[in-house]
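Architecture and fold: a report
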Amino acid sequence: MSQKTYRDAIREALREEMLRDERVLIMGEEVGVWGGTYAVTRGFYSEFGDKRILDTPIAEEAIVGTAVGAAMGGLRPVAELMTINFALVAMDQIVNNAAKIHYMFGSQVRVPLVIRAPAGWGQLAATHSQSFEAWFAHLPGLIVVMPGTPYDAKGLLKTAIRSDNPVMFIEHARLYGVKGEVPDEEYTLPIGVSDVKRPGRDVTIVSYSRMLHVALGAAEELATAGIECEVIDLRTLRPLDMAPVYASVEKTHRAVIVEEDWTTCGMGAEIAARIGRDRFESLDAPVERMGQVDVPMPYAKNLEELMFPDEKSVAEKVRDMVA
Amino acid sequence: MAATSPSRVSASDTAGIDVTGAEALDWFKKMSLIRRFEERAEEAYGQGKIGGFLHLYIGEEAVAVGAMAALRPDDDVITHYRDHGYVLARGVEPKRVMAELYGKATGLSKGKGGSMHMADVKRHVWGGYAIVGGHIPLATGLALANQYRKLPHVVACFFGEGATNIGTFFAGLNLAAVWKLALVAIVENNRYGMGTAFERVSAVSDVYKKACAFDIPAEQIDGNDVLAVRDAVHRMVERSRAGGGPQLIEAMTYRFRGHSMGDPQRYRTKEEVEEAKARDPIVRWRRTVLTSGLAAKTDLEKIRDEVEAEVEEAVRFAENSPAPDPSELCSDVLVSE
Ligand SMILES: Cc1ncc(C[n+]2csc(CCOP(=O)(O)OP(=O)(O)O)c2C)c(N)n1
């Protein structure tokens, strides 16, 4: 084991899979000469050359569409979108091609594709601060992974690249510098398995990606007041593994979902509905949801700071729930 | 050259100067204002007073200033996110632009938009847009509205060469051509989209040639020559206004700074940047103005002092303005009806 950043963990996963399978190639804006907007693919252009590291024009519909076609044609492309916001430009390719082709053609065609894209924010204003994971998780035919730790990011990305299915792999710009334990030896992690990141008996906090860290911070603080939260990291948003969530709710009888996206029609709504249907008897309180304020992201810092749940507001919510 | 086919028009600093002394000074002032304004914005960014992305226009000032000089005040302008130059060239008060960069309530967009989203609709500036190419169909739509409402306005749509490989470029301009709309696309070719040299990712790297896909007139011009820009935009805009349909201008220029703050610029050499700086549009215009006797050195010095004072005033205004009230967070999501 050694301490590695989320960025390095992702880079290692990409590099190992590139070395392992020459059908893997990377395409996207600034992935080559620049070395990746968030420096994930730094050094790859000189190591793997311009046949496997493809700098593209600014045309996300062509990046994803070409990657889908290349996947159909026997390659295993990893398409990088500079940020998830630009996935909107490629939405038709993702929704109507990547996610449909296998089913629509009676399983004759496979699309072994990974689309990597970071969510994130930081005074980037309304069009550059979004994450949309619920939109992608809405789609049958697509796998959606949203890792929160270096360990999970590496293990899940390797599996995603080896998968014969299209995978939306959503990273977070604010996690790239976060460090965590990563094994030195080769490993992979299964897609579709949620993970208990902190055991507890009083309240279940369900989260993923950056909000996982907020949830863990809140749990830490609450523990000093004798409130023990169980923090569950979904890691994969589709398929959704509810088993650890159900097991937890049976114990705690209370759950809150903390997401970074808007809560309206979001992941929390889905999880709350499933808990409500499948563990209604276990609940002592309504399932709560926390997420960003239901407005477009403003630029001004003082307004942006009001947008997301933080450790303090999550802790407050949990205190209310147990009061 | 035939106006109906894409052409390359060479411009030179001395070719038939058709400009008054007052115009010459106005352009010098506006270009200097943009330059100084952005240098101060860069400083404020370094002090953490401005956040997010800050895409500087330094080196490209002649395009905005020349183009605005050719447009009527009620012609419509819509731009990409490297947009400080356009609003300043349009005559928007620098203090309101600086306040927007500072995220203050007194900013052009109430502090909600920031650097990439400058709009001043009363001056027919319909905003800066940050999804590459996303505003090109909007320009087509604004021009459709003008045509439908029988308004004589031309739409000027600004974007970088990097935006000419995305679907909206082709779809937007095609429709403008089909409907013969009054629209001029002004492409600032500064040679790089972030760190990608245009010719590495564009099958056709002279943007003006792409106009043949829409069968519309196009010219490639020296974008660092403010007069050449004014003249070309004037030609194109008036032809479009007279019913000639959309037109395209490729203004060749160069950005002296990185793509945004913190760009290590590994994709180009220092020599290349230095060489480009030798074609600095402000220095060139200054030289032209002086050698042609359009103005005296003292006039230009006076302007430099005025610009300095205006920019300082803008910074002071931004610093002293209030942040948006927290209640602003949830206002204006929908028009209240
Ligand atoms: C659809 C989309 N993809 C990617 C980006 C990220 N991005 C912002 S600016 C830029 C380069 C644009 O280059 P160009 O259009 O030539 O304009 P310049 O920045 O040179 O003025 C890129 C790739 C974006 N904003 N929108």
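Residues numbered from 1 in each chain as written. Chains lettered and ligands numbered in written order. Predicted model: local features only at pLDDT ≥ 70, side-chain atom pairs only at ≥ 80, totals over all residues.

**Regarding the overall build of chain B**
- From N to C terminus, chain B includes 11 helices and 9 strands.
- Here the C-alpha radius of gyration of chain B, 19 Å, is about what a compact globule of 337 residues would show, namely 20 Å.
- Projected onto its principal axes, the C-alpha coordinates of chain B cover approximately 55 × 55 × 40 Å.
- When burial is assessed residue by residue, chain B has 54% of its 337 residues classed as buried.
- Look at the contacts in chain B between residues 6 or more apart in sequence, and 77% of them connect residues 24 or more apart. (Helix = DSSP H or I, 4+ residues; strand = E, 2+ residues; numbered from the N terminus. Rg over C-alpha atoms; globule rule 2.2 N^0.38 Å. Buried ≥ 20, exposed ≤ 12 C-beta atoms within 10 Å, placed from the backbone. Contact = placed C-beta atoms within 7 Å.)

**Details of the overall build of chain A**
- Helices and strands together make up the secondary structure of chain A, namely 12 helices and 14 strands.
- C-alpha atoms of chain A, sized along the principal axes, occupy 60 × 45 × 40 Å.
- Long-range contacts, defined as pairs at least 24 residues apart, comprise 78% of the intrachain contacts of chain A with a sequence gap of at least 6.

**Concerning the sheet that holds strand S11 (residues 229-233) of chain A**
Residue and element names in this part refer to chain A.
- Pairing within the open sheet is mixed, and its 5 strands lie in the order S9-S11-S10-S13-S14. With one partner strand each, in any of the chains shown, strand S9 (195-198) and strand S14 (288-292) form the two edges of the open sheet. When the angles between neighbouring strand axes are averaged without regard to direction, this sheet yields 25 degrees.
- The strands that helix H9 (residues 243-252) touches are S9, strand S10 (203-207), S11 and strand S13 (255-262); relative to S10, the one it contacts most, it runs at about 155 degrees. (Pairing = 2+ DSSP bridges. Axes fitted to C-alpha atoms, helices over the stretch in contact; angles between N-to-C directions.)

**Things to note about the interface of chain B and chain A**
- Listed per partner, the contact involves 33 residues of chain B and 25 residues of chain A.
- Within the side of chain B that touches chain A, the residues separate by chemical class into 16 nonpolar, 14 polar and 3 charged. (Nonpolar A, V, L, I, M, F, W, Y, C, P; charged D, E, K, R; others polar.)

**Looking at helix H4 (residues 91-98) of chain A**
- Within H4(A), the full set of buried residues consists of Gln93(A), Ile94(A), Asn97(A) and Ala98(A). Seen end-on, H4(A) carries its buried residues on one side only, within an arc spanning 115 degrees. (Arc of directions from axis to C-beta.)

**Overview of the sheet that holds strand S2 (residues 24-28) of chain A**
All names here are of chain A.
- If you walk across this open sheet you meet the 7 strands as S3-S2-S4-S5-S7-S6-S12, and the pairing is mixed. Each having just a single partner strand, strand S3 (53-55) and strand S12 (236-238) make up the two edges of the open sheet. Adjacent strand axes in the sheet meet at a mean angle of 20 degrees, parallel and antiparallel pairs treated alike.
- Of the pairings in the sheet, the one linking strand S5 (residues 114-119) to strand S7 (residues 167-172) comprises 6 bridges and is parallel in character. Across the sheet, residue arginine 116 finds its bridge partner in S7, namely phenylalanine 169.
- Along the sheet face, helix H7 (residues 150-162) touches S2, strand S4 (76-80), S5, strand S6 (143-145) and S7 and points at about 155 degrees away from the line of S7.

**Considerations on the nonpolar core**
- Ala215(A), Cys157(B), Leu183(B) and Ile186(B) are the most contacted members of the largest nonpolar core, which has 205 residues in total.
- With 9 residues, the single largest contributor to this core is helix H1 (residues 21-46) of chain B.
- For Cys157(B), the residues in contact, after removing those within four places along its chain, are Ile78(B), His135(B), Ile136(B), Ala139(B), Leu183(B), Ala185(B) and Ile186(B). (Core = buried A, V, L, I, M, F, W, Y, C linked by C-beta atoms within 7 Å.)

**A closer look at the packing of H1(B) against helix H2 (residues 61-70) of chain B**
Residue and element names in this part refer to chain B.
- H2 packs onto H1 with a crossing angle of 140 degrees between their chain directions and a minimal axis gap of 9 Å. Classified by the angle their axes make, H1 and H2 are oblique. Relative to H2, the crossing made by H1 is right-handed. Facing Glu23, Trp27, Lys30, Met31, Ile34 and Arg35 of H1, the residues of H2 in contact are Glu61, Ala62, Ala64, Val65 and Ala69.
- Grouping the constituent residues of the contact of H1 with H2 by class yields 7 nonpolar, no polar and 4 charged. (Parallel < 35°, antiparallel > 145°, perpendicular 65-115°, else oblique. Left-handed = near helix turned anticlockwise from the far one by under 90°.)

**Details of the packing of helix H3 (residues 60-72) of chain A against H4(A)**
All names here are of chain A.
- Where H3 meets H4, the axes come as close as 8 Å, and the angle between the chain directions of the two elements is 25 degrees. Comparing their axes, H4 and H3 come out roughly parallel. Contacts from Glu61, Val64, Gly65 and Val68 in H3 reach Asp92, Gln93, Ile94, Asn97 and Ala98 in H4.
- Residue composition of the contact of H3 with H4, by class: 4 nonpolar, 3 polar and 2 charged.

**Details of the pairing of S13(A)**
All names here are of chain A.
- When you tally the buried positions in S13, you get 7 out of 8 residues, the bulk of the element.
- By the bridge criterion, 3 bridges tie S10 to S13 in an arrangement that is parallel. Paired with threonine 204 across the bridge in S13 is alanine 255.
- Judged from the 4 bridges that link them, S13 and S14 form a sheet pairing that is parallel. Its bridge partner lying in S14, isoleucine 257 is registered against arginine 289.
- With respect to chirality, the unit in which S13 leads through helix H10 (residues 267-278) into the neighbouring parallel S14 is right-handed. (Right-handed = clockwise from strand over helix to strand, strands pointing away.)

**Considering the site of the ligand**
- Taken together, 20 residues sit near the ligand, with Phe86(A), Val132(B), Gly160(B), Gly162(B) and Gly193(B) positioned nearest.
- Per-site note: the chains with residues close to the ligand are chains A and B.
- When residues of the shell around the ligand are traced back to their parent elements, those giving at least two are strand S4 (155-160) and strand S6 (192-193) of chain B. (Near = placed C-beta within 6 Å.)

**A look at the domain arrangement of chain A**
Residue and element names in this part refer to chain A.
- In terms of domain boundaries, chain A breaks down into domain 1 (2-182) and domain 2 (195-322).
- One C-alpha centre belongs to domain 1, the other to domain 2; they are set 26 Å apart.
- Between domain 1 and domain 2, the residue contacts involve 22 residues of the former and 20 residues of the latter.
- At the level of elements, helix H6 (133-137), S6 and H7 are the ones that each hand at least two residues to the side of domain 1 that touches domain 2.
- A class-by-class count of the residues in the side of domain 1 that touches domain 2 yields 14 nonpolar, 5 polar and 3 charged. (Domains from an automatic or database assignment.)

**Some details on helix H11 (residues 297-320) of chain B**
- For H11(B), spanning 24 residues, the distance from its first C-alpha to its last is 35 Å, which sits close to the expected 34 Å at 1.5 Å a residue.
- Every buried residue belonging to H11(B) is among Val307(B), Val311(B), Ala314(B), Val315(B) and Ala318(B), and all of these are buried. (Expected span 1.5 Å × (residues − 1).)

**Here's the deal with the confidence of the model for chain A**
- With 100% of its residues at a pLDDT of 70 or more, chain A shows a mean pLDDT of 98.
- Averaged pLDDT values over the elements of chain A bottom out at 97 in strand S1 (residues 2-5) of chain A and peak at 99 in H7(A). (pLDDT = per-residue confidence, 0-100.)

**Remarks on the confidence of the model for chain B**
Residue and element names in this part refer to chain B.
- For chain B, per-residue confidence averages 95 on the pLDDT scale, and 95% of positions sit at 70 or higher.
- Strand S1 (residues 7-8) is the least confidently modelled element of chain B, averaging 51 in pLDDT, while S4 averages 99, the highest of any element.
- The low-confidence segment residues 8-15 (pLDDT under 50) makes 13 contacts with residues lying over four places distant or belonging to another chain.
- This complex was scored by the predictor with a pTM of 0.96 and an ipTM of 0.96.

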